[in-house]
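# Chains, contacts and geometry: an overview
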Amino acid sequence: LERAIDLTTLILVFIIFGIKAFGQLQSNIFFKDWHYIIVLIFVGVIIVLKYNPFKIINEIKKTFKKINNKIILIFLLSFSVIFFNCFFIYSMFSFFGKDINFAYILGIYPIIVVGTILISTPSGLGIREYLFILFFGNLPNTSLALNVSLIYYFFIFLLPAVIGLIIMKSYKNKWIAFL
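Predicted model only: the values in this text are computed from it and were never measured. Numbers given for residues are sequential positions, taken from 1 along each chain in its written order. Per-residue local features of the predicted model are confined to residues with pLDDT of at least 70, and side-chain atom pairs are confined, for both listing and counting, to 80 or more; whole-chain, interface and lining totals are unaffected and use all residues. Working from all heavy atoms in the structure, the side-chain values ignore hydrogens and water.

## Let's talk about helix 6 (residues 102-118)
Secondary structure elements are taken from DSSP: a helix is a run of H or I of four residues or more, a strand is a run of E of two residues or more, and numbering for both begins at the N terminus. An expected span of 1.5 Å times one less than the residue number is assigned to each helix. With 17 residues, helix 6 extends 25 Å from end C-alpha to end C-alpha; this agrees with the ideal 24 Å at 1.5 Å per step. What we call the bend at a residue is the angle made by axes fitted to the seven residues finishing there and the seven residues starting there. At I108, helix 6 shows its largest kink, close to 30°, and the proline P110 lies no more than four residues downstream. Burial runs high along helix 6: 14 of the 17 residues are buried. As used in this structure description, the phrase polar contact means that two N or O atoms lie within 3.5 Å; if the pair is within protein, one of them must be able to donate a hydrogen and the other to accept it, and residues adjacent in sequence are counted only when both atoms belong to side chains. The opening residue of helix 6, the one whose side-chain oxygen lies 3.1 Å from the backbone nitrogen of A103, is N101. Between buried and exposed lies partly exposed: a residue is buried under 20% and exposed over 50% of the maximum accessible area for its type, with that area taken using a 1.4 Å probe on protein chains only.

Here it is in structure tokens:
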């Protein structure tokens, strides 16, 4: 249920902001070089092979049939997480002195998330960086897109995991001492 709501939120954010984001691409990257088209076809094949799109659509339909206050709360929390992550990316680009439209980031972020989910690598490493460079690489310095991607990964994934590991270890030691 939670995954269906997350997917629905990503789709809605993409529909609202993604179309405009593609219009803002300074270079038409999808038709400039043929290998980008192959990447898109590859991602589409992975979607069909790894996930049954009709099953996902049925889960989304079931979710909306059971709408109640908890589902609305989960939807709002999911949207706030997406919004926070996009704001974090925007802040990192602003910190390095690059002004990128926030709506553009909101439009591209769902593609980055779906790309990291669909193509299996440990923690999405490599795929996320490639997609950051692909969509934010029109900057004069593409290493900035890579740096923002790595900083994003550190603060959104690694740092909370390390903090959780420390907390879990301290509770485990207290629990063992209690027994």
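So much for the structure itself; the text now carries on.
## Focus on the packing of aromatic side chains
Two rings from Phe, Tyr or Trp (for Trp, the six-membered ring) form a pair when their centres are within 6.5 Å of each other. A pair whose planes differ by under 30 degrees is stacked, one over 60 is edge-to-face, and the rest are tilted. According to the stated counting rule, one finds 16 aromatic pairs in the structure shown. Taken together, a centroid distance of 5.5 Å and an interplanar angle of 45° make the contact between F132 and F136 tilted. With F132 and F136 both in helix 7 (residues 127-136) and four residues apart, the pair spans about one turn of that helix. Just as F132 is buried, F136 falls in that class too. Taking 5.1 Å as the distance between ring centres and 85° as the angle between the ring planes, the aromatic pair formed by F154 and F155 counts as edge-to-face.

## Examining the side chain of E129
Residue placement: E129 occurs in helix 7. If near-sequence neighbours (up to four positions away) are discounted, E129 is found in contact with G124, L146, S149 and L150. Whether two residues are in contact is decided by their heavy atoms, any of which lying within 4.5 Å being enough.

## Focus: the nonpolar core
Residues enter a nonpolar core if they are buried and are Ala, Val, Leu, Ile, Met, Phe, Trp, Tyr or Cys, with the set joined through side-chain atoms within 4.5 Å. Formed by 29 residues in total, the largest nonpolar core has its most connected members in I89 and F136. If you list the elements that add at least two residues to this core, you get helix 1 (2-24), helix 5 (69-95), helix 6, helix 7 and helix 8 (142-178). Per element, the largest residue contribution to this core is eight residues, and it comes from helix 6.

## Here's the deal with the pattern of salt bridges
Here a salt bridge means any side-chain nitrogen of Lys or Arg lying within 4 Å of a carboxyl oxygen belonging to Asp or Glu. Within the structure shown, the criterion is met by one salt bridge. Across the pair R128 and E129 runs a salt bridge whose closest N-O atoms are separated by 3.9 Å. Side by side, R128 and E129 carry an identical accessibility label, which is buried.

## Concerning the packing of helix 6 against helix 7
Contact pair helix 6 / helix 7: the axes reach a minimum separation of 9 Å and the direction vectors enclose 150°. Taken together, the axis directions place helix 6 and helix 7 in an arrangement best described as roughly antiparallel. The way helix 6 lies across helix 7 gives a crossing that is right-handed. The segment helix 6 lies against helix 7, with Y104, I105, I108, I111, I112, G115 and T116 engaging I127, R128, L131, F132, F135 and F136. Structural elements are reduced to axes, namely lines fitted to C-alpha atoms, with helices fitted over the stretch in contact, and the angle between N-to-C directions of any two is expressed from 0 to 180 degrees. Here is the rule for angles: anything less than 35 degrees is roughly parallel, anything more than 145 is roughly antiparallel, 65 through 115 is roughly perpendicular, and the remaining ranges are oblique. Take the far helix as your reference; a near helix turned counterclockwise from it by less than a right angle gives a left-handed crossing, and one turned clockwise gives a right-handed crossing.

## Details of the side chain of S78
Examined against the element boundaries, S78 turns out to sit in helix 5. Among the residues examined, S78 registers a relative accessible area of 7% and is labelled buried.

## Quick look at the environment of P160
Relative to the assigned elements, P160 resides in helix 8. The contacts of P160, once residues within four sequence positions are left out, are F154 and F155.

## Here we look at a nonpolar patch on the surface
A surface patch of nonpolar side chains, amounting to about 640 Å² of accessible area, comprises F154, F155, L158, L159, I163, I167 and Y171. Mapped onto the elements of the fold, L159 is located in helix 8. Grouping into patches uses exposed residues only, defined as over 30% relative accessible area, and leaves out salt-bridged ones; the cut-off is 9 Å for like charges and 5 Å for nonpolar side chains (Val, Leu, Ile, Met, Phe, Trp, Tyr). With residues, only the protein chains shown are counted as cover, and all accessible areas are computed by Shrake-Rupley using a 1.4 Å probe.

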